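So the chains spell out like this:
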Amino acid sequence: MNLELHAEVNADSDGSRLDRFLKDFLGDEISRASIQHWIDSGWVKDGNGKILLKSSYKVSPGENFLISVPPKPPLNLTPVKMEIEVLKETPHYLIIRKPAGIASHSGPGDRSATLVNGLLYKFKELSSVGGEARPGIVHRLDKPTEGIMIVAKNDQAHAKLSELFRRRDITKKYLAWVQGTLPEGEGTIDRPIGRHPVERLKMTVTPKGRASVTHYRILKTAVSKNGRKFSLIEADLETGRTHQIRVHFQSLRCPVVGDLLYSRNAALFENYGLLLLSYLLEFKDPFTGEEVQIVLDPPQRFENFESNLENF
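Residues numbered from 1 in each chain as written. Predicted model: local features only at pLDDT ≥ 70, side-chain atom pairs only at ≥ 80, totals over all residues. Heavy atoms only, no water.

As named in an unreviewed UniProt entry, the protein chain is Pseudouridine synthase, taken from Leptospira neocaledonica. Quoted verbatim from the Catalytic activity (unreviewed entry) field of the UniProt record, the comment on the protein chain reads "a uridine in RNA = a pseudouridine in RNA". We quote the UniProt Function (unreviewed entry) comment for the protein chain here in full: "Responsible for synthesis of pseudouridine from uracil." (UniProt positions renumbered as here; feature names shortened; annotations may be inferred.)

In this section: the side chain of Ser212. Relative to the helices and strands, Ser212 is located in the loop between strand E10 (203-205) and strand E11 (213-223). The class for Ser212 is buried, based on a relative accessible area of 0%. At a separation of 2.8 Å, a polar atom in the side chain of Ser212 contacts the main-chain carbonyl oxygen of Arg210. Not counting residues within four places of it along the chain, the set of residues in contact with Ser212 comprises Ile189, Asp190, Arg191, Pro192, Ile193, Thr239, Arg241, Gln244 and His248. (Helix = DSSP H or I, 4+ residues; strand = E, 2+ residues; numbered from the N terminus. Buried < 20%, exposed > 50% of the residue type's maximum accessible area, 1.4 Å probe, protein only. Polar contact = N/O pair within 3.5 Å; in protein donor to acceptor, adjacent residues only side chain to side chain. Contact = heavy atoms within 4.5 Å.)

With that settled, the discussion passes to the domain arrangement of the protein chain. You can read the domains of the protein chain as domain 1 (3-69), domain 2 (75-167) and domain 3 (168-311). Here the C-alpha centroids of domain 1 and domain 3 sit 33 Å apart. (Domains from an automatic or database assignment.)

For the rest of this paragraph, the subject is the packing of aromatic side chains. Tallied over the full model, the rule gives 13 aromatic pairs. Seen in terms of ring centroids, Phe230 and Phe305 are 5.5 Å apart; in terms of plane orientation they differ by 80°. Their pairing is edge-to-face. Of this pair, Phe230 sits in strand E12 (residues 229-237) while Phe305 is found in helix H6 (residues 300-308), placing the two residues 75 residues apart along the sequence. Like Phe305, Phe230 is buried. (Phe/Tyr/Trp six-rings, centres within 6.5 Å; stacked < 30°, edge-to-face > 60°.)

In this model helix H4 (residues 155-166) runs 16 Å from its N-terminal to its C-terminal C-alpha over 12 residues, within 8% of the 16 Å that 1.5 Å per residue would give. Where burial is concerned, most of H4 is hidden: 10 out of the 12 residues are buried. Regarding H4, the residues found buried are Asp155, Ala157, His158, Ala159, Leu161, Ser162, Glu163, Leu164, Phe165 and Arg166. Check the buried side of H4 and you find it contacts strand E1 (3-8), helix H1 (18-26), strand E5 (93-98), strand E6 (146-152), strand E7 (171-179) and strand E13 (276-284). With a side-chain oxygen lying 3.3 Å from the backbone nitrogen of Gln156, the N-terminal cap of H4 falls on Asn154. Positive backbone phi, approximately 60°, marks Arg168, located one or two places after H4. (Expected span 1.5 Å × (residues − 1).)

So, on to the sheet that holds strand E2 (residues 44-46). Sheet architecture is open: three strands sit in the order E1-E3-E2, paired in antiparallel fashion. Edge positions in the sheet fall to E1 and E2, since each has one partner strand and no second. In this sheet, adjacent strand axes meet at a mean angle of 20° when their direction is disregarded. In this structure, E1 lies alongside strand E3 (residues 64-69), joined through six bridges in antiparallel fashion. Among the inter-strand pairings, Glu4 is bridged to a residue of E3, identified as Ser68. (Pairing = 2+ DSSP bridges. Axes fitted to C-alpha atoms, helices over the stretch in contact; angles between N-to-C directions.)

Next up on the list: the UniProt feature "active site" (unreviewed entry) in the protein chain. Under the feature "active site" (unreviewed entry), the UniProt entry names Asp142. As for its position among the elements, Asp142 is in the loop between helix H3 (115-122) and E6. Asp142 gets classed as buried once you look at its relative accessible area, which sits at 11%. Here Asp142 is in contact with Lys98, His243 and Arg246, once residues within four sequence places are set aside.

On to the pattern of salt bridges, then. Under the criterion given, the structure shown has 19 salt bridges. A salt bridge links Asp24 to Arg20; the shortest N-O distance between them is 3.9 Å. Placement of both Asp24 and Arg20 in helix H1 is noted, with a separation of four residues, approximately one turn of the helix. On the basis of relative accessibility, which here comes to 24%, the residue Arg20 falls in the partly exposed class. Between Arg246 and Asp259 there is a salt bridge, with its nearest N and O atoms 2.9 Å apart. Of this pair, Arg246 sits in helix H5 (residues 244-251) while Asp259 is found in the loop between H5 and E13, placing the two residues 13 residues apart along the sequence. Considered together, Arg246 and Asp259 belong to a single accessibility category, that of buried residues. Three or more residues joined by partner-sharing salt bridges are found here, namely Arg140, Asp142, Arg246 and Asp259. (Salt bridge = Lys/Arg side-chain N within 4 Å of Asp/Glu carboxyl O.)

Here's what the structure looks like:
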């Protein structure tokens, strides 16, 4: 049986290309190239049952689309035994604590075990709409980032949870130690982010990038005996771009402590890893209407860094 998803256009998407609208509707874990393939293959119809074959078709408020995707072949991923802390489980989704140092899913050139391998070992039901290599993954955390993630058990849950992210009806907050001091006790970083033009593993602030907004407030500041300044911040993401927090704070010359990709002196803090934690998640369960809030305490390495901070 084909996977069928329904998408309705709201006023915010008026005039968007069909492929861009469907990408925003389905979430960041489904590539635009995949959606364009669906359209080219005749798997997208309008509300009257007409097949739409142009990705550039301009959508209007009130229009409805039916996406009918043929089932994928069986997953060919090896389950790997892995310690995964489950914070909440329902018939439709899981909320887990992703360990630092584990990629959410496989990527080009990375053959190491990922969170997906561990999920396949521990759970039988995972959604498939995100792609063969990404069962269950609705959103992701960077490999060195620790914290809360939602995993969809089925395709219906994947669609409903992706819609919450698209509408920004999920609150995500992070804790991070950053180097330096920020200009204000709280503020907003509104700088577009795109792929780095030379270093392809990096993202960067660029006028050609996608709109990216991070709100922050400083929780505490500290100075080492060598005069290095540090700030513990809480970040609230309005958008969810790749490496968003890391890139935004690096653009203010306040890189996240231990960031091997964006900080020149990250090796000084190698014993602590990347000091970035997805610590709070709030949303209304799309199946029950329950208000869900999950909050994590900082891991021991955060405390170890703070107690040794004066020595840097």
